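# Understanding the architecture of this molecule
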Amino acid sequence: MAHLYKKLKKGHEYFYIRETQRVYGKPTTINQVYLGTADKVEAALGKGGFSPKEFGSVFALNELDREVDLAGMINEILPPKKRVRGPSLGELVFYAALNRAIAPTSKRQLATWYETTDIQRIRPLRLESLNSQNFWNHWDRISDADLEKIKTTFFKKIHALLPDQKHRLVIETADISAPPKPSVFAGMPQPDQDFLAEHLAQQKLGLALITEWSHGIPLYYQSFSGGVPVTGFYDHLEHLLSKVSNLGVAIEDVTLLVNQDMDAAPIIEQIDAKDGMHFIVSYPPDFAPELTEISLKDFRPLPGNRGAQLSPVAKEDEKILFYETKATFWNQPRRVVITFDPKSFHKSYQDLGKKVQRVRKEILALAQRQAQEADQTKAVESVKTHLAQLCLRLKISPDLFQLNFVREKGQFRLEFQLNHRQMAGVVRHFGKNILITDRDDWAVEEIYDTCVTRAVLGPELGDAKSANGNRPYGIAKDNRSLFQKALLPLYHWTDSKIRVHLFVCVAALNYLTLLSQRLAAAGINMTPNEAMEELRELRTAIYAKDPEGKLKRVLEEVNDQQAAILKTLGYVVEDGKVAAL
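All of these numbers come straight from a predicted model, not from anything done at the bench. (Residues numbered from 1 in each chain as written. Predicted model: local features only at pLDDT ≥ 70, side-chain atom pairs only at ≥ 80, totals over all residues. Heavy atoms only, no water.)

## Looking at unusual backbone geometry
Within the chain, Trp-330 stands out as a residue other than glycine whose phi angle is a positive 55°. Residues other than glycine seldom take positive phi values, yet Asn-331 does so here, at roughly 70°. Its place among the elements puts Asn-331 in the loop between strand 11 (321-329) and strand 12 (332-340). (Helix = DSSP H or I, 4+ residues; strand = E, 2+ residues; numbered from the N terminus.)

Here it is as structure tokens:
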């Protein structure tokens, strides 16, 4: 409960709002807010709520966990040790998953973040126990065999929560890496830097994720040391499907989203030979340059796709366009869908413009300095070398630029021009993506939808900046951005910790997609991102709620969407509190 608390300091009275609650059976101060002197308190009490705390997001996901009981499940496999006080291993995994689903932080910042939420009224704990060392001490108990038991039990529970039906499955793969912090290399000799960079590069982890098609709910995943196997992946695919089948999942059909870094030919050859197995390969435009020559005048707006739901007010010049054709790939005629995203085009075009200006500025400045050099041949070569290195860093081709060196009075003068033919060829690729599939039974929007809004993994998963800001599939709020937000940055540097972290992130995605599935069943069409944004705005605060001025922490005003989400979970808001229906 909340109450005013007075402190005397050097003969002066200062007031605080304190909230106390029993945690682990002992009265504990869970929140304290400084108000000031008595006159300030009197003036402040009529102005509204104090100390707002995030409530809706934590409450909703904790309610979903009542059916899953992640902590109890883990504690049954790895029982708490005697004389260990505070959260158990299972509870620490749950608290980590809850944070990853809502507002991912490092373990060092976890307690600070939970202090901004109303977790004490939902699932009380001593926040000081959420320190990084406590996590590492507990997570070290989880062996690979234990993690496999936890995964199997967890996904059986998840499957039991879904409607009893055959599931259309989507399988995706990606590589995950933990790039070193810049501070790691500070003051190290170059040989040591090279060794450490190579060692960290070897810590790459591969991920194969199986989700049900309708809402992207994960049904199983598998990690691979050293990255996803580029060759022979079909054997791993068969193993994954057997694991899912053993969990009780009735499989209707399977669509593999083939990673463009994988050796697609042998995988697709085996998929062609098996009923119920299908594929979609997503390639950048340079995979088949001839397809990028097709004029945009022949493209049409993508009909009824889920992306349109996410952007219902999209302008005419912002709609996703597509062109469908047939072409021979892997020895058979295949269905090919070329998509064009105007927003992605404009972003790429602006980025290229900035890079061109940087190259122009640096090269002209260097040429001006080098013009005075006695050895003109060496100076010219220096400019060309710098151009090549700069373009490599900026990930653009030096062929975009034409350098002409004109001799005048014993010096050279640089004429810097754009190669407009090369530039037009590069720009022609912007915003385009090539989808190749054997799914003749799906509408074109279903093919696009599977690769965009229902997909979870994305390109360059080990690079948080690239993954969040430079995806070739468009910029819709989808499961991909949702999962990558939970996964990245990793904040972990050892394989054992990364494997547990990976399970935590997949569990977080399960809670979010289960929420979305629950809402859809009630006729509420919201993506997990949209639902979470609404719930994060549902807060509690301390108010003076009666004539006597007693303080109470209650819910702030609830809007219609928040009320609808709570109703789906079986709750209504009465007198500033949630109550069961």
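## Here we look at the sheet that holds strand 5 (residues 167-176)
Taken together, 9 strands build an open sheet; the order of strands is 7-6-5-8-9-15-12-11-10 and the sheet is mixed. The sheet is open, and its two edges are formed by strand 7 (218-225) and strand 10 (300-301), each paired on a single side. Relative to strand 6 (residues 205-212), strand 5 runs antiparallel, the two being bridged by 8 bridges. Its bridge partner lying in strand 6, Val-170 is registered against Thr-211. Most of the contacts of helix 16 (residues 444-451) go to strand 12, to which it runs at about 70°, and overall it touches strand 5, strand 8 (251-258), strand 9 (277-283), strand 11, strand 12 and strand 15 (432-437). (Pairing = 2+ DSSP bridges. Contact = heavy atoms within 4.5 Å. Axes fitted to C-alpha atoms, helices over the stretch in contact; angles between N-to-C directions.)

## Concerning the packing of aromatic side chains
If you walk through the whole model with that rule in mind, you get 24 aromatic pairs. Measuring from ring centre to ring centre gives 6.4 Å for Phe-224 and Phe-233, while their planes differ by 65°; the resulting arrangement is edge-to-face. For Phe-233, a relative accessible area of 1% gives the class buried. The ring of Phe-94 carries Arg-123 above its face, with NZ or CZ at 4.1 Å from the centroid. Its end group placed over the ring of Tyr-221, Lys-151 keeps NZ or CZ at 4.3 Å from the ring centre. (Phe/Tyr/Trp six-rings, centres within 6.5 Å; stacked < 30°, edge-to-face > 60°. Buried < 20%, exposed > 50% of the residue type's maximum accessible area, 1.4 Å probe, protein only. Lys NZ or Arg CZ within 6 Å of the ring centre and 35° of its normal.)

## Thoughts on the confidence of the model for the chain
Per-residue pLDDT for the chain has a mean of 82; in total, 78% of the residues score no lower than 70. Segment residues 305-313: pLDDT under 50, and 12 contacts once partners within four positions in sequence are set aside and those in other chains are kept. Contacts for the low-pLDDT stretch residues 462-477, under 50 throughout, to residues beyond four places or in other chains number 38 contacts. (pLDDT = per-residue confidence, 0-100.)

## Quick look at the environment of Lys-297
Positionally, Lys-297 belongs in the loop between strand 9 and strand 10. Under the relative-accessibility criterion, Lys-297 is labelled exposed at 79%. Here the alpha-carbon distance between Lys-297 and Tyr-323, two residues 26 residues apart in the chain, equals 9.8 Å.

## With respect to the pattern of salt bridges
It is possible for side chains of opposite charge to pair when their charged atoms get near one another. Considering all chains together, one arrives at 18 salt bridges under this definition. Among the ionic pairs, Asp-253 bridges to Arg-439, the shortest N-O distance being 2.8 Å. Highlighted residues: Asp-253 in strand 8 and Arg-439 in the loop between strand 15 and helix 16, separated in sequence by 186 residues. Exposure remark for Arg-439: the relative accessible area of 1% places this residue in the buried category. What emerges from the salt-bridge pattern is a single network uniting Glu-148, Lys-151 and Lys-243. (Salt bridge = Lys/Arg side-chain N within 4 Å of Asp/Glu carboxyl O.)

## Things to note about the environment of Asp-275
By the secondary structure assignment, Asp-275 is in the loop between helix 11 (264-272) and strand 9. Overall, Asp-275 belongs to the exposed group, its relative accessible area being 78%.

## Focus: the pairing of strand 15
Most of strand 15 is tucked away, with 6 of its 6 residues classed as buried. Taken together, the 4 bridges between strand 9 and strand 15 define a ladder with antiparallel strand orientation. Each residue of the ladder has a partner; that of Ile-280, found in strand 15, is Thr-437. Examined bridge by bridge, strand 12 and strand 15 share 6 bridges and lie antiparallel to one another. Counted as the bridge partner of Val-337 is Leu-435 from strand 15.

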